[in-house]
Amino acid sequence: MNSYLEANARERLAAVLDAGSFYEFLPPALKIVSPHLAQLDAPVSFDDGVAIGQGRLFGESIYVAAQEGGFMGGAVGEVHGAKLTGLLLRAVRERPFAVVLLLESGGVRLHEANAGLIAVSEVMRALLEVRAAGIPVIVLIGGSNGCFGGMGIVARCANAIVMSEEGRLAMSGPEVIETANGVEEFDSRDRALVWRTTGGKHRYLLGDCQMLVADDGAAFRQAAFDLAQQCHANAGGIGLTLAALEAEQQLLQDRIDSFGQTADPLDIWTRLGVADAARLPMLEAEAFVDATATLRLGGLG
Ligand SMILES: CCC(=O)SCCNC(=O)CCNC(=O)[C@H](O)C(C)(C)COP(=O)(O)OP(=O)(O)OC[C@H]1O[C@@H](n2cnc3c(N)ncnc32)[C@H](O)[C@@H]1OP(=O)(O)O
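Residues numbered from 1 in each chain as written. Predicted model: local features only at pLDDT ≥ 70, side-chain atom pairs only at ≥ 80, totals over all residues. Heavy atoms only, no water.

**Digging into the side chain of Asp-208**
- On the secondary structure map, Asp-208 appears in the loop between α8 (200-206) and β7 (211-213).
- Since its relative accessible area comes to 5%, Asp-208 is described here as buried.
- Within the structure, the side chain of Asp-208 is placed 2.9 Å from the side chain of Arg-255, a separation counted as a polar contact.
- When near neighbours in sequence (up to four residues on either side) are disregarded, Asp-208 contacts Arg-156, Ile-161, Leu-169, Arg-203 and Arg-255. (Helix = DSSP H or I, 4+ residues; strand = E, 2+ residues; numbered from the N terminus. Buried < 20%, exposed > 50% of the residue type's maximum accessible area, 1.4 Å probe, protein only. Polar contact = N/O pair within 3.5 Å; in protein donor to acceptor, adjacent residues only side chain to side chain. Contact = heavy atoms within 4.5 Å.)

**Re a nonpolar patch on the surface**
- Judged by side-chain polarity, Leu-128, Leu-240, Leu-242 and Leu-245 come together as a nonpolar surface patch covering roughly 350 Å² of accessible area.
- The residue Leu-242 is located in helix α10 (residues 242-259) in this model.
- The class of Leu-242 is exposed, set by a relative accessible area of 59%. (Patch = residues over 30% accessible without salt bridge, like charges linked within 9 Å, V, L, I, M, F, W, Y side chains within 5 Å. Areas by Shrake-Rupley, 256 points an atom, 1.4 Å probe, with all protein chains shown as cover. Salt bridge = Lys/Arg side-chain N within 4 Å of Asp/Glu carboxyl O.)

**Observations concerning the site of the ligand**
- Around the ligand, a shell composed of 21 residues is seen, among which Gly-106, Val-108, Leu-110, Gly-150 and Gly-173 lie nearest.
- At 2.9 Å, a backbone N or O of Gly-106 approaches a nitrogen atom of the ligand.
- Compared with its free state, where it exposes 950 Å², the ligand has 61% of that area covered by protein.
- Cavity membership is defined here by more than half of the atoms lying within 2 Å of grid points; on that basis the ligand lies in the second largest pocket.
- Secondary structure elements with two or more residues in the shell around the ligand: α5 (149-157) and α6 (174-181). (Near = heavy atom within 4 Å. 1 Å grid on protein atoms, 1.4 Å probe; cavity = no way out; pocket = protein on both sides within 12 Å on 5 of 7 lines; lining within 4 Å. Sits in = over half its atoms within 2 Å of the grid points.)

In structure tokens form, the structure reads like this:
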């Protein structure tokens, strides 16, 4: 087993794609760096924290991006965002089998403020154009920084999300919530609570992610392929329809109605019908899915 959590962006690409098939667009040798970080005298990275390109997945041609959590938590600046947007718009033209995004990000790069915000909104728009062109977008989340802020929204714009238990998906980070709303609202030092709330298992049960896998590059690879195939076979289509949006909205409303007063995910799991919810964090991914697959909310995006 190759830990996806412990791998860096390029190691993850190697684990997910067919061996030796990755061809990088705008590689680090071109040294396309953030102009904002340079102005702030902050360290830059020659790929601005994201590798983009094309490769093969079980023989199928795909477009792919991997964010590097080791550089500013994978946060999105102007260049980083422009690389993602360029990849997505090129996919609309070249029509690969799928676009697979290996996301690990603290969201908008705080150093780049408005430029980062605009960049993320452009990524969202481009992602929806890919879907509208009939190309599935699959997101993989299993890095230690999780997928937060604007990139959390980007992830939920995709057709499907694959997570490991170790992956996290949310809008505001734990410390941001605690700072804004107080420790009584959310104690960011309670790591078990943080993972129960934002981690892959909870996201799977709530319908925010469609597949939960072990922390293993090969498991992410297989899941990305299976979900892309399912999207192509899905009679509902890949593009975002009004009916799909309304169903998503209804899912959110139902969640607030059913669980809005609960204080801990354990209470939600119990209300979903999970027997002995406290044992769920201890289960391996496969056993967890066996125990909960019929109880979870949601479907394909
Ligand atoms: C739509 C608008 C937006 O997107 S605004 C941004 C909203 N984002 C958030 O609320 C998440 C902010 N970040 C966090 O909560 C945490 O850093 C997360 C991502 C949960 C990771 O936590 P943890 O595993 O404890 O690592 P850490 O906090 O030490 O972070 C690792 C390094 O990454 C950096 N980082 C993270 N997020 C950003 C960001 N948005 N902009 C710039 N840098 C970011 C951290 O500063 C940290 O850097 P360093 O290693 O201390 O140099």
